Every structure is written in structure tokens, then in C-alpha cells.
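Architecture at a glance
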Amino acid sequence: MVIANGELVTRKSYDHDLLFRVIEIKKDIAVLHGEDMRLAADAPLNDLSKVDQREKKRRKEQEKEKQETSYRLFRQDYQLMKEKRNYEATEGYSNAASYFQLPAKVLHMDGDANYLRKCIQLYQRIGLQVHGVHLTEVQMPEEINDLLERIQPDILVITGHDAYSKNKGLKNDLRAYRHSKYFVETVREARRVVPNLDQLIIFAGACQSHFESIIRAGANFASSPSRVNIHALDPVYIVAKIAYTPFMESVSVWEALRNTLTGERGLGGIETKGLLRTGMPFVEDSNEEEM
């Protein structure tokens, strides 16, 4: 069986649990990136099985249903938050004053172009303004200062691929992780620019990342407390919860994680203030010149 770059495969030794895409082949070892989970892995070619069209379709349908379930839960939360804002902005519906909202700006740095595309689609579906940048994890610490100065985001997402390897060290050893040290360095650089945890909200990490180090570096939310895999779209749901929570309210960790696909085993963080600001009155744009 010949396996080529770009093909979808599963691993026999892991009972075909996850879907991977072959990124590179080095002699008899394949470098793999999870198709839906932010996991990077190496595997011998003889441990891989190609995924045929029928199996690919079945897995894609399962994945789509999971994503739609999370999206429906988020929409329910969003509607409740919207009704609460409407009630407060109109003083209990007692006046008809129109209002406007200042949306949060998101800078999303991603080590995987495919994941970035999926995340941007979800940001747009949710209605958030996002600036997406594809960089390798190694490049992120070098580029973050320039990006923060140029984009001036309210929320920063630093993600891509990661993995813990027990052959390289214990779980508390940052050197045993594929990309965690780069996430930590990028967060630390960002905090040199914006130290306040409520002026720049940071999510950082990927599958199996060293959660404690990322939080200590200054992230509000990170992965992965139990060193489990996280879904490619999980950062978007955390961002959305913070972006649509009024700035006078705090977002509890549980509220932020509730609509993610992974939950508290893969994601965690600290209590953080919301970012949505409401103002009034709302003025319609007009092209007419004032007399």
C-alpha cells in the first residue's frame, strides 16, 4: 500500500480512533495532523490505513453533527444574552430607544491553514470580526509583537498543533511537548505588550498542550488540563462567549467551556471580563449632506 502526502489515514495501533492527514513522509515515518483534532503525530507507514470514500463520508457526517450540536447550544446562549441586553438597554422595554454595540476584534494565529479556514467560517457564522494569520508555531513568538501593533485586537488566539510524548519526558517537562514552548513564548511576548488580563484576552494551546505553563505565561484560557485532544473549533466558542458577554459582567470558566466540543478535560482558564459594549442612540448612515 502506497501512502502519499495529503491522504487521509487512521492508525491501526490506536484502533483507528482519529482521522489524520499525511503532511510529510520521512523514509518510513509519516508526519500526521489531525483532520478535526489539533493533534500532531508521527507514525510508521505500516501502522497506517487509508480511509476510503465511504468511511470518510461516515466520519464527516458524525463530525458535522457534533459541530452543529455545539453551534445550536451556542445560539441558545446567544439568544438569552441578546434578550437580556435588549431588556437592560430599553429599561425593561419601557422605552423604544435604539442602541448599538461595539464588537470585539479577534486576532487568530493558527499553525494549520485548514483549521484556520474552518475557524474563520465559524467566526463569520457567529458574527465576529476576525483577522486570521497562518504561521508555523515556531514563527509565532517572532511575529506576535508586530501583529499586535498592527491589528490591535481585543482577543488573541494562539493555536495550531501540539502533542505530548512520554518518550521525551514527564508531563511536567515542557521539553516533552511538540509545540507548547512556542505557545508559552508567544503568550509571554504578548503580555509584555499588553499586561492587563482584561484588556487583551488570550486563548493559547492545542491538543495535549502544557496547560499550566501557558496559564502562568499570562493566558486567560488554555489547553489541555488533562493532556487530552481538543477540537479544531474549540477556541472559537470560548472567544464567542467572551465577545458577546457585556464588559460589566464576568465569564466563569464553566460558562466559557460549556459549548465547546471538548469540555473541561481539554480546556481551562480563569474568570474573565466580557468585552461587549452597548451604546445609544443608534444613528442610521446617511449619504445626504447636511444643509
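So, here is what we can say about the structure in this document. Small disclaimer: the values here were computed from a predicted structure and weren't measured.

Concerning the pairing of strand S1 (residues 8–11)
Here S1 shows a buried face lined by Leu8 and Thr10 and a second buried face lined by Val9 and Arg11. Where S1 lies against strand S2 (residues 20–26), two bridges are found, and the strand directions are antiparallel. Across the sheet, residue leucine 8 finds its bridge partner in S2, namely arginine 21.

A look at the sheet that holds strand S5 (residues 48–50)
The antiparallel open sheet is built from five strands, whose spatial order is S4-S3-S2-S1-S5. Whereas interior strands pair on both sides, the edge strands pair on one side only; in this sheet they are strand S4 (40–44) and S5. Taking each pair of neighbouring strands and ignoring which way they run, the sheet shows an average axis angle of 45°.

Some details on the state of the cysteines
Think of a disulfide as a covalent bridge from one cysteine sulfur atom to another cysteine sulfur atom. Scanning all chains against the criterion turns up zero disulfides. Not part of a disulfide, cysteine 119 finds its nearest cysteine sulfur in cysteine 207, a span of 12 Å. What makes cysteine 119 buried here is its relative accessible area of 0%. Relative accessible area serves as the criterion here: at 0%, cysteine 207 is assigned to the buried category.

What to know about the layout of surface pockets
Taken as a whole, the largest pocket spans an internal volume of roughly 400 Å³. Along the walls of the largest pocket sit 21 residues, with Arg11, Tyr14, Ala41, Asp42 and Tyr164 positioned nearest its centre. Counting residues per element, the lining of the largest pocket draws most heavily on S4, which supplies five residues. Tallied by class, the residues present in the lining of the largest pocket amount to eleven nonpolar, four polar and six charged. Among the domains, domain 1 (7–51) and domain 2 (94–279) are the pair contributing at least three residues each to the lining of the largest pocket. For the second largest pocket, the lining is made up of 15 residues, of which Lys64, Gln67, Lys118, Gln121 and Leu233 are closest to its centre. Those elements that provide at least two residues to the lining of the second largest pocket are helix H1 (53–89) and helix H2 (113–126). No other element matches H1, which puts six residues into the lining of the second largest pocket. Its residues assigned to classes, the lining of the second largest pocket comprises four nonpolar, three polar and eight charged.

Conventions we followed
Residues numbered from 1 in each chain as written. Predicted model: local features only at pLDDT ≥ 70, side-chain atom pairs only at ≥ 80, totals over all residues. Heavy atoms only, no water. Buried < 20%, exposed > 50% of the residue type's maximum accessible area, 1.4 Å probe, protein only. Helix = DSSP H or I, 4+ residues; strand = E, 2+ residues; numbered from the N terminus. Pairing = 2+ DSSP bridges. Axes fitted to C-alpha atoms, helices over the stretch in contact; angles between N-to-C directions. Disulfide = S-S within 2.5 Å. 1 Å grid on protein atoms, 1.4 Å probe; cavity = no way out; pocket = protein on both sides within 12 Å on 5 of 7 lines; lining within 4 Å. Points joined across faces, edges and corners; volume = space filled by probe spheres on them. Nonpolar A, V, L, I, M, F, W, Y, C, P; charged D, E, K, R; others polar. Domains from an automatic or database assignment.

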